[in-house]
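Summary of structural features
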Amino acid sequence: MKTPYDWLTVSFFAGLVVLLLQRSSGPEEKWDPLYHYAFPAIACMATNYLGNQGYHIAALTIFIAAIAYTFHFLKPLKR
């Protein structure tokens, strides 16, 4: 892990994993669909790749979109 993008995306992805595990350990009626986690996970990969290639504006735009998607669809602060 050499760049800030590595640290940023790995920490966000770890948060997604914790959220998924936390939600999946509860009652089945509260589970989120698994495909809701696909966009933020793929966005982390794209952010890391683009940021490491020097496309900083594109990388940060995708990362902000991933954060917005996560808060809109997965609502990590509610429940």
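Description of the structure in this document.

1. Points about helix α1 (residues 4–24)
Relative to the 30 Å expected for 21 residues at 1.5 Å per residue, α1 spans 30 Å between its end C-alpha atoms, a close match to the ideal helical length. Those residues of α1 that fall on the buried side of the exposure criterion are Y5, D6, T9, F12, L16, L19 and R23. All buried residues of α1 fall inside an arc of 165° around its axis, so they share one side. Residues of α1 that are exposed and angled more than 90 degrees away from the buried face: P4, W7, V18, L21 and Q22.

2. Structural notes on helix α3 (residues 56–74)
The end-to-end C-alpha distance of α3, which contains 19 residues, comes to 26 Å, matching closely the 27 Å that a straight helix rising 1.5 Å per residue would cover. Turning to α3, its buried residues are A59, F63, A66, Y69, T70 and L74. End-on, the buried residues of α3 take up no more than an arc of 120°, which puts them together on one face. Exposed residues on α3 whose side chains face more than 90 degrees from its buried face are I57, I64 and H72. As for α3, its buried residues are in contact with α1 and α2 (38–52).

Quick notes on the rules
- Residues numbered from 1 in each chain as written.
- Predicted model: local features only at pLDDT ≥ 70, side-chain atom pairs only at ≥ 80, totals over all residues.
- Heavy atoms only, no water.
- Helix = DSSP H or I, 4+ residues; strand = E, 2+ residues; numbered from the N terminus.
- Expected span 1.5 Å × (residues − 1).
- Buried < 20%, exposed > 50% of the residue type's maximum accessible area, 1.4 Å probe, protein only.
- Arc of directions from axis to C-beta.
- Contact = heavy atoms within 4.5 Å.

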